[in-house]
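# Chains, contacts and geometry: an overview
Now for the letters of each chain:
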Amino acid sequence: GAGVSQSPSNKVTEKGKDVELRCDPISGHTALYWYRQSLGQGLEFLIYFQGNSAPDKSGLPSDRFSAERTGGSVSTLTIQRTQQEDSAVYLCASSPDEASGDEQFFGPGTRLTVL
Amino acid sequence: QKEVEQDPGPLSVPEGAIVSLNCTYSNSAFQYFMWYRQYSRKGPELLMYTYSSGNKEDGRFTAQVDKSSKYISLFIRDSQPSDSATYLCAMSSFSGGYNKLIFGAGTRLAVHP
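Residues numbered from 1 in each chain as written. Chains lettered and ligands numbered in written order. Predicted model: local features only at pLDDT ≥ 70, side-chain atom pairs only at ≥ 80, totals over all residues. Heavy atoms only, no water.

### Notes on empty space enclosed by the protein
Residues and elements named next belong to chain B. The line we're drawing: Of the grid points, spaced at 1 Å and generated over the protein atoms alone, those admitting a 1.4 Å probe that cannot get out make up cavities, while open sets with protein on both sides within 12 Å along at least five of seven lines make up pockets; any residue with an atom within 4 Å of a point is treated as lining. Grid points are joined across faces, edges and corners, and a volume is the space filled by probe spheres set on the points. Helix and strand labels come from DSSP, where a helix needs a run of H or I of at least four residues and a strand needs a run of E of at least two; each type is numbered from the N terminus. Residue type decides the class: Asp, Glu, Lys and Arg count as charged, Ala, Val, Leu, Ile, Met, Phe, Trp, Tyr, Cys and Pro as nonpolar, and the leftover types, Gly among them, as polar.
According to the stated counting rule, one finds one cavity of 30 Å³ or more in the structure shown. Within this model, the largest cavity holds a volume of roughly 30 Å³. Considering the residues around the largest cavity, the lining is formed by Phe33, Met34, Trp35, Met48, Tyr49, Thr50, Ala63, Gln64, Val65, Ile72 and Ser73. Mapped onto the lining of the largest cavity, the elements with two or more residues apiece are strand 4 (32–38), strand 5 (45–50), strand 7 (61–66) and strand 8 (71–76). Counted by class, the lining of the largest cavity contains eight nonpolar, three polar and no charged residues.

### Examining unusual backbone geometry
Stated precisely, the cut-off is as follows: Accessible area is worked out with a 1.4 Å probe on protein chains only. A residue is then buried under 20% of its type maximum, exposed over 50%, and partly exposed in between.
Of note, the bond from Ser7(A) into Pro8(A) is cis; its omega dihedral lies within 30 degrees of zero at -10 degrees. Following the sequence through the fold, Pro8(A) ends up in the loop between strand 1 (5–7) and strand 2 (10–13). You will see that Arg81(A), though not glycine, has its phi angle at about 45 degrees, which is positive. Here Arg81(A) is to be found in the loop between strand 8 (75–79) and strand 9 (88–95). The exposure class of Arg81(A) is partly exposed, given its relative accessible area of 42%. Positive phi values are uncommon outside glycine, yet Asp78(B) reaches one of about 45 degrees. Here Asp78(B) shows up in the loop between strand 8 and strand 9 (85–95).

### Regarding the sheet that holds strand 7 (residues 65–69) of chain A
All names here are of chain A. Applied cut-off: Strands were regarded as paired on the criterion that DSSP finds at least two bridges between them. For every element, the axis is a line fit to its C-alpha atoms; helices are fit only across the contacting stretch, and the angle between N-to-C directions ranges from 0 to 180 degrees.
The antiparallel open sheet is built from four strands, whose spatial order is 1-3-8-7. For this open sheet the edge positions go to strand 1 and strand 7, each flanked by a neighbour on one side alone. Going from strand to strand, the sheet's axes swing by 15 degrees on average, the running direction of each strand aside.

### Observations regarding the nonpolar core
Here is the rule: We define the nonpolar core as a collection of buried residues of types Ala, Val, Leu, Ile, Met, Phe, Trp, Tyr and Cys that are connected through side-chain atoms lying within 4.5 Å of one another. Contacts are residue-level and defined by heavy atoms, with any inter-residue pair within 4.5 Å sufficient.
Among the nonpolar cores identified, the biggest contains 24 residues, and Trp35(B), Ile72(B), Leu74(B), Tyr87(B) and Met91(B) are the most heavily contacted of them. Taken together, the elements giving at least two residues each to this core come down to strand 3 (19–25), strand 4, strand 5, strand 7, strand 8, strand 9 and strand 11 (107–112) of chain B. The residues touching Met91(B), leaving out its near neighbours within four places in the chain, are Val4(B), Cys23(B), Tyr25(B), Phe30(B), Tyr32(B), Phe33(B), Met34(B), Ile72(B), Lys100(B), Leu101(B) and Ile102(B). In this structure, Ile47(A), Phe65(A), Leu77(A) and Val114(A) belong to the second largest nonpolar core, which totals 19 residues.

### Focus on the side chain of Gln6(B)
Residues and elements named next belong to chain B. To be explicit about the condition: Side-chain atoms alone can form a polar contact between residues adjacent in sequence; in general such a contact is a pair of N or O atoms within 3.5 Å, and within protein one must be able to donate a hydrogen while the other accepts it.
Within the secondary structure, Gln6 is located in strand 1 (residues 4–6). A polar contact is formed between the side chain of Gln6 and the backbone nitrogen of Cys89, at a distance of 3.3 Å. A distance of 2.9 Å separates the side chain of Gln6 from the backbone nitrogen of Gly106, its partner in a polar contact. In this structure, Gln6 is in contact with Asn22, Cys23, Trp35, Tyr87, Leu88, Cys89, Gly104, Ala105, Gly106 and Thr107, ignoring residues within four places of it in sequence.

### Things to note about the layout of surface pockets
Left-over empty space is what a probe sized like a water molecule reveals as it rolls over the atoms. Size it by volume and the largest pocket reaches roughly 730 Å³. Around the largest pocket sit 31 residues that line it, and Gln37(A), Leu39(A), Arg111(A), Gln38(B) and Arg41(B) are the ones nearest its centre. Those elements that provide at least two residues to the lining of the largest pocket are strand 9 and strand 11 (110–114) of chain A together with strand 9 and strand 11 of chain B. Among the residues forming the lining of the largest pocket, the class breakdown is 11 nonpolar, 16 polar and four charged. Roughly 390 Å³ of volume is contained in the second largest pocket. Every element with two or more residues in the lining of the second largest pocket is listed here: strand 5 (43–50) of chain A together with strand 10 (98–103) of chain B. The biggest single contributor to the lining of the second largest pocket is strand 10 of chain B, with four residues.

Printed below as a string of structure tokens:
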């Protein structure tokens, strides 16, 4: 079946603009995660969704970052007033439920470049 | 100090070599230990998953966990050019109602013919 998909695959924006990144998880997966991967760094956790609620938002780096999930499926990560340090690959992952959270299936990521 | 430490490499080996990748960690609450493989411009994919101390083998790959030393390893036997990728260790504990994964920085491996 279809895996996790993300769009756009690449996004170039100017400093100060807002961007929206989209994630379509595997159908039926209730848990959804967002991570950020900077050059030479590991995956930095941003936020976890269980259904439409976000029990863990502790990784969001500032109030410029927000995320929502609708219908227990698609999720959008929004970055307002982008800064150059926001440049990174943003990865989305899903898993069947929170108990199997260790087996996360990743999308290909969105490469964000802030000029 | 990071919860999970991993040497970023890069590591370059000839085809057929045995590769050893390692991570150390500080949180004794970690229960699940994983290795993910990430090809260039792709998302990570789960390669190996272990729960307890000891070895787990899958084909040319062996994962080893030593909880007493807080040390995990991934061995690749008879390495192939197709093994060239970044290898990320990850570990989790059940906290806040779910299994939260903490990743190492990843080791970039290049296997040359």
